[in-house]
Amino acid sequence: MIKNENIKLYNGVSMPRIGFGTWQSSPEDAYKSVLWALECGYRHIDTAYVYGNEKEVGRAIKDSRIRRDEIFVCSKCPANVKTYEGCIEHFFETLKNLGLEYLDLYLIHAPWPWDNIGLDCTKGNVDVWRAMVELYHKGLIRAIGVSNFSERDIEAIVGLTDFKPMVNQIRYFIGNTQERLTRYCQNEGIVVEAYSPLATGKLLENEDIKRIALKYNTTIPKLCIRYCIEKNTVPLPKSVHKDRIEANLDVDFKISEDDLKVLDSIHDMSLDRPYRS
Ligand SMILES: NC(=O)c1ccc[n+]([C@@H]2O[C@H](COP(=O)([O-])OP(=O)(O)OC[C@H]3O[C@@H](n4cnc5c(N)ncnc54)[C@H](OP(=O)(O)O)[C@@H]3O)[C@@H](O)[C@H]2O)c1
C-alpha cells in the first residue's frame, strides 16, 4: 500500500512515497489536518517557515503520539533569506517552532525571493547551501534539498559546493510536469517532489481528467495524485477536510501506459504561470 511505501534518497534516507501539504492552512486548520493525516496513515508532513503554521504542525505531531522517527518532517528556509547566518537563524527558529530536535528534510524554498522571481541569487544560494550542508553534517537534518530550482540553479550550487541536493520540490501536476527539469533531476538521482498535485484545486473540474478518472472508477484528485506516483515523483496533496485527507491516500491503483500518454498530452496554458507559495 502506498501509505507504507518509501523512496530512497541518494544518501540512503527513506522518504515516504506521499506527503501531506500545509500551505495556506491556517494554524488551527494545520493542527487539525496534520493530526487527521497522521491518524489515517500519512507519515510525511510538508511545511515551511513562511506558512506560519510550524508551531501547530509540531503540536499535532506531538499530540499524535506517533514515534518521532516514524514521521518524516520537511520545512523550508524562506526564499528571501540568502545569507549563511540567515539560514542558520531560521533553521533553529523552525526547529523551535516545530518543537523538534532535528528535521528530516530542509529545503531552500526558492532560488529567488517571491517578489523578485528570476533574480540571480547564485551567491546567496551558495551561502545558504553551505549553511545547510553544515547542519546536515552535524546531524541536525537527515536530508537537504531545494525547491523551485531550475537545472541552472542546481548546477550553480553544486558547482561551487560539490554537494548535490537530495530533493527538488517543484510545481508538478497533470498538464504541468516540467519534463526537462524532472528528467534532469531524476537522472542525477535527485528525488522530485510534486507540489500542488491538484494544481491548488484548479484541476478538480477538468473534463479530460474526469473522463479517465471515471474509467478507473476513481475521482479526479485520486487520479492526479496517482499520476505523480506513476511518474516517480512524491506528491504532496493538501486538504483541511478529514474525508478528503483520507481519500487522497487511497491511491493504490495503476494507470495504464496508454492513459498516462493521454494525461501527458493534457496542457492547460492558464496553469503555466509561476506563483507565490
Ligand atoms: N515549495 C513550494 O514552493 C510549494 C508551493 C506550493 C505548494 N507546496 C506544497 O505542496 C502542497 C500541496 O499544494 P497546494 O497546497 O498548492 O494544493 P493541492 O494539493 O494541489 O490542492 C489543494 C486544494 O485542493 C483541495 N482538495 C484537496 N483534496 C481534495 C479532494 N479530495 N477533493 C476536493 N478538493 C480537494 C483543497 O481544498 P481543502 O483544503 O478545502 O480540502 C485545496 O483547495 C502545499 O500545501 C505545500 O505543502 C510547496
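Structure: above.
Residues numbered from 1 in each chain as written. Predicted model: local features only at pLDDT ≥ 70, side-chain atom pairs only at ≥ 80, totals over all residues. Heavy atoms only, no water.

Draft legend 1. Region of interest: the sheet that holds strand β10 (residues 234–235). On the basis of which strands lie adjacent, the open sheet formed by eight strands has the order β3-β4-β5-β6-β7-β8-β9-β10 and parallel pairing. The strands lining the two open edges of the sheet, one partner per strand, are β3 (20–21) and β10. Strand direction decides the pairing type here: strand β5 (residues 72–77) and strand β6 (residues 103–108), joined by four bridges, are parallel. Looking at β6, one finds that Ser-75 is bridged to Tyr-106. Against the sheet, helix α4 (residues 122–137) contacts β5, β6 and β7 (141–147), and its axis sits at roughly 160° relative to β7. (Pairing = 2+ DSSP bridges. Helix = DSSP H or I, 4+ residues; strand = E, 2+ residues; numbered from the N terminus. Contact = heavy atoms within 4.5 Å. Axes fitted to C-alpha atoms, helices over the stretch in contact; angles between N-to-C directions.)

Draft legend 2. Geometry of the packing of aromatic side chains. Here the structure, examined in full by the defined rule, presents seven aromatic pairs. Their ring planes at 65° and their centres at 6.1 Å tell us that Trp-129 and Phe-163 sit as a pair that is edge-to-face. Of this pair, Trp-129 sits in helix α4 while Phe-163 is found in the loop between α5 (151–161) and β8 (167–171), placing the two residues 34 residues apart along the sequence. Overall, Trp-129 belongs to the buried group, its relative accessible area being 0%. Owing to a relative accessible area of 13%, Phe-163 belongs among the buried residues under this scheme. On the basis of an interplanar angle of 70° and a centroid distance of 5.5 Å, the ring pair of Tyr-136 and Phe-163 is categorised as edge-to-face. With Tyr-136 in helix α4 and Phe-163 in the loop between α5 and β8, this pair connects stretches of sequence that are 27 residues apart. Members of the aromatic cluster, each reached through a chain of ring pairs, are Phe-91, Phe-92 and Tyr-106. Its guanidinium or amino end placed over the ring of Tyr-10, Lys-164 lies 5.4 Å from that ring's centre, counting from NZ or CZ. (Phe/Tyr/Trp six-rings, centres within 6.5 Å; stacked < 30°, edge-to-face > 60°. Buried < 20%, exposed > 50% of the residue type's maximum accessible area, 1.4 Å probe, protein only. Lys NZ or Arg CZ within 6 Å of the ring centre and 35° of its normal.)

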